[in-house]
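# Topology and contacts: notes
The chain contents come next:
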Amino acid sequence: MSFLGRLFTKGGQRTIGIDFGSSELKAAQFAPSPHGPVLEHVYKVQTPANSIKDGVVTDPPLVGEALRQLISEGAFTAKRTVSAVAGPTVVVRQVTMPVMSERELRESTKYEAERFLPYSVDEAQIDAKILGKADDGQNMDVLVVAAQKDLVLSQASAIQFAGLTAGVVEVEPFAMVRAMIPADDPRFQQNIAIINVGASTTSINITKAGFVPFTRNVPIGGAAFTKAIATGLNISIDEAETMKREKAAILSQRDAAPVPPTVTRIFNVITPPLTELVTEIHKSLDYFRTRFRGEVIESVILGGGTARLSNLDAFLGHELGLPVSIANPLAQGAYNPADFPAEYLSDIGPSLIVAAGLALRDLAPVGGRMPVSA
Ligand SMILES: Nc1ncnc2c1ncn2[C@@H]1O[C@H](COP(=O)(O)OP(=O)(O)OP(=O)(O)O)[C@@H](O)[C@H]1O
Ligand SMILES: [Mg+2]
């Protein structure tokens, strides 16, 4: 198994992109074609309770079993997988080093990583890629990526239990950028915030021209809303989950129509975690604007299962003063409408923002779609 080893592949082979979510396991597979990637398979299943935390698979045989179910019900045909790492132990740095061979680089990277890793290099899976020579010809720009071995190996173990081959492991924000903003997209040259609101975590990323200069995870997501509904309405977590999907909506004083009392009650109980989430997003965007003076954030792409919470997009747009669109990464690749009704894709799409980007990774860059480097 390689870890980011083939950042820039020629590609052409089918892989399954797998997103190990704390609440749902998600997968996508595309086929190469002369006109670009074509969606072949997409599916998700529930993650067994408490078996994945921050991407770390704590029970690989159990998750392997769920993955096996996902592969069979989703009729996936590829064996090779691409998965993603994220969270506080994943470190991405662009560093300048003297010109050297790839082999020498591997050794030197360890010393380099020692300086910035918050844990021992022995516990780290480290990879490096030469991005290009610096102007002086003596030095080169190198992308160094490190993650904790436990995290990478736990996913590989689940993948093997499912009878699949653990291939490349990638960094989650890169996958989302690839899924959402191909190089021929007018937004490619703009600063775009990609926000993935999952179940336990929200990841806030700002990307421009294929780079991701800002990324941050906050521990609030859909599970906090479900918990607030369960506590506030004194019902079980399962009932609260159904209630959230069917009745929850973010209300605004601008709404003219009368609202059923249950909807108002749910809105009241989810307001505290919602406010916390929006505050964290605000803080992140403000930090970016201060850190990179003069850079303007043009718009927001909202992904993750919680993007489907009714009116979250409009509410965020109003709070942030930016246009917000809901991610539909599956609509980027071509697909046969007979296999995938558009409604199904937009329904499942937002939560596939990582899996779709992973699955597109090894396909030849066609029609301006290009691998994201940093
Ligand atoms: N229609 C809906 N309305 C509101 N919330 C929804 C809806 N559908 C799914 N969700 C929520 O989306 C979340 C799952 O999204 P997603 O699959 O992106 O999370 P995850 O990747 O498993 O979690 P994490 O990234 O935090 O580990 C759950 O909290 C679920 O309740
Ligand atoms: Mg997720």
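The rules behind these values
- Residues numbered from 1 in each chain as written.
- Chains lettered and ligands numbered in written order.
- Predicted model: local features only at pLDDT ≥ 70, side-chain atom pairs only at ≥ 80, totals over all residues.
- Heavy atoms only, no water.
- Domains from an automatic or database assignment.
- Contact = heavy atoms within 4.5 Å.
- Buried area = accessible area lost by both parts, 1.4 Å probe.
- Salt bridge = Lys/Arg side-chain N within 4 Å of Asp/Glu carboxyl O.
- Polar contact = N/O pair within 3.5 Å; in protein donor to acceptor, adjacent residues only side chain to side chain.
- Helix = DSSP H or I, 4+ residues; strand = E, 2+ residues; numbered from the N terminus.
- Pairing = 2+ DSSP bridges.
- Axes fitted to C-alpha atoms, helices over the stretch in contact; angles between N-to-C directions.
- Buried < 20%, exposed > 50% of the residue type's maximum accessible area, 1.4 Å probe, protein only.
- Expected span 1.5 Å × (residues − 1).
- Near = heavy atom within 4 Å.
- Areas by Shrake-Rupley, 256 points an atom, 1.4 Å probe, with all protein chains shown as cover.
- Nonpolar A, V, L, I, M, F, W, Y, C, P; charged D, E, K, R; others polar.
- Core = buried A, V, L, I, M, F, W, Y, C linked by side-chain atoms within 4.5 Å.
- Arc of directions from axis to C-beta.

## As for the domain arrangement of the chain
According to the domain assignment, the chain contains domain 1 (1-89 + 148-181 + 332-374) and domain 2 (183-326). Here the C-alpha centre of domain 2 lies 23 Å away from the C-alpha centre of domain 1. Each partner contributes to the interface: domain 1 provides 24 residues, whereas domain 2 provides 27 residues. Carbon and sulfur atoms supply 62% of the area buried between domain 1 and domain 2, which totals about 1900 Å² over both sides. Among the ionic pairs, Arg308 bridges to Asp347, the shortest N-O distance being 2.6 Å. For the pair domain 1 and domain 2, the interface holds four residue pairs in polar contact (both at pLDDT 80 or more). Elements represented by at least two residues in the side of domain 1 that touches domain 2 include exactly α4 (172-180) and α10 (353-359). Ranked by the residues each element gives to the side of domain 1 that touches domain 2, the list is headed by α4, at six residues.

## A closer look at the sheet that holds strand β15 (residues 324-326)
Pairing within the open sheet is mixed, and its five strands lie in the order β13-β12-β11-β14-β15. Each edge of the open sheet is held by one strand with a lone partner, namely β13 (211-218) and β15. Neighbour-to-neighbour, the strand axes of the sheet open up by a mean angle of 20°, direction not taken into account. Across six bridges, strand β11 (residues 191-197) lies against strand β14 (residues 297-303) in parallel orientation. Bridge pairing in β14 places Ile194 opposite Ile301.

## Some thoughts on the pattern of salt bridges
Under the criterion given, the structure shown has 14 salt bridges. Residue Arg115 is joined to Glu112 by a salt bridge in which the shortest nitrogen-to-oxygen separation is 2.2 Å. With a gap of three residues between them, Arg115 and Glu112 both fall in helix α2 (residues 102-116), about one helical turn apart. Overall, the relative accessible area of 14% leaves Glu112 in the buried class. Each of Glu170, Arg178 and Arg361 takes part in one network of salt bridges that share partners.

## Some points on the pairing of strand β12 (residues 202-208)
When you tally the buried positions in β12, you get six out of seven residues, the bulk of the element. Across six bridges, β11 lies against β12 in antiparallel orientation. Note on β12: the bridge partner recorded for Ile194 is Asn205. The hairpin formed by β11 and β12 contains four residues between the paired strands.

## Looking at the pairing of β13
Inspection of the sheet shows β12 paired to β13 by six bridges, in the antiparallel sense. Residue Thr202 lies in a different strand from β13, and its bridge partner there is Val218. Hairpin geometry of β12 and β13 is characterised by an intervening segment of two residues between the two adjacent antiparallel strands and by a positive phi of about 55° at Ala209.

## Examining helix α3 (residues 149-161)
In a regular helix each residue adds 1.5 Å, so 13 residues correspond to 18 Å; α3 covers 18 Å between its end C-alpha atoms and thus fits that length. Among the residues of α3, Leu151, Val152, Ser154, Gln155, Ala156, Ala158 and Ile159 are the ones counted as buried. With its phi angle positive at about 85°, Gly163 sits one or two positions after the end of α3.

## Remarks on the site of ligand 1
Among the 19 residues in the neighbourhood of ligand 1, the closest are listed as Ser22, Ser23, Ser200, Glu241 and Lys244. Residue Lys244 places a side-chain N or O atom 2.7 Å away from an oxygen atom belonging to ligand 1. Here a nitrogen atom of ligand 1 sits 3.3 Å away from a polar atom, N or O, in the side chain of Arg308. When ligand 1 is considered free in solution it has 660 Å² of accessible area, and contact with the protein chains removes 92% of it. At the level of elements, β2 (24-31), α5 (222-233) and α6 (237-247) are the ones that each hand at least two residues to the shell around ligand 1. The element contributing the most residues to the shell around ligand 1 is α6, with three residues. Looking at side-chain class alone, the shell around ligand 1 contains three nonpolar, ten polar and six charged residues.

## Points about the nonpolar core
With 39 residues, the main nonpolar core has Leu274, Ile281, Leu285 and Leu302 as its most contacted residues. Elements that contribute at least two residues to this core include exactly β11, β12, β13, α5, α6, α7 (261-291), β14 and α8 (312-320). Examining the composition of this core, we find that ten residues originate from one element, α7, more than from any other. Here Leu274 is in contact with Phe225, Ile250, Phe267, Leu312 and Phe315, once residues within four sequence places are set aside.

## Some remarks on α6
Here α6 has its buried residues at Ala240, Met243 and Lys244. When α6 is viewed along its axis, its buried side chains cluster within an angular range of 100° and face the same direction. Exposed residues on α6 whose side chains face more than 90 degrees from its buried face are Asp238, Arg245 and Glu246. Buried residues along α6 sit against α5 and α7.

## Describing the side chain of Ser83
Tracing the sequence through the fold places Ser83 in strand β6 (residues 80-85). With relative accessibility at 2%, the residue Ser83 sits in the buried group. Here Ser83 is in contact with Ile18, Phe20, Gln155, Ile159, Val168, Val169, Glu170 and Leu358, once residues within four sequence places are set aside.

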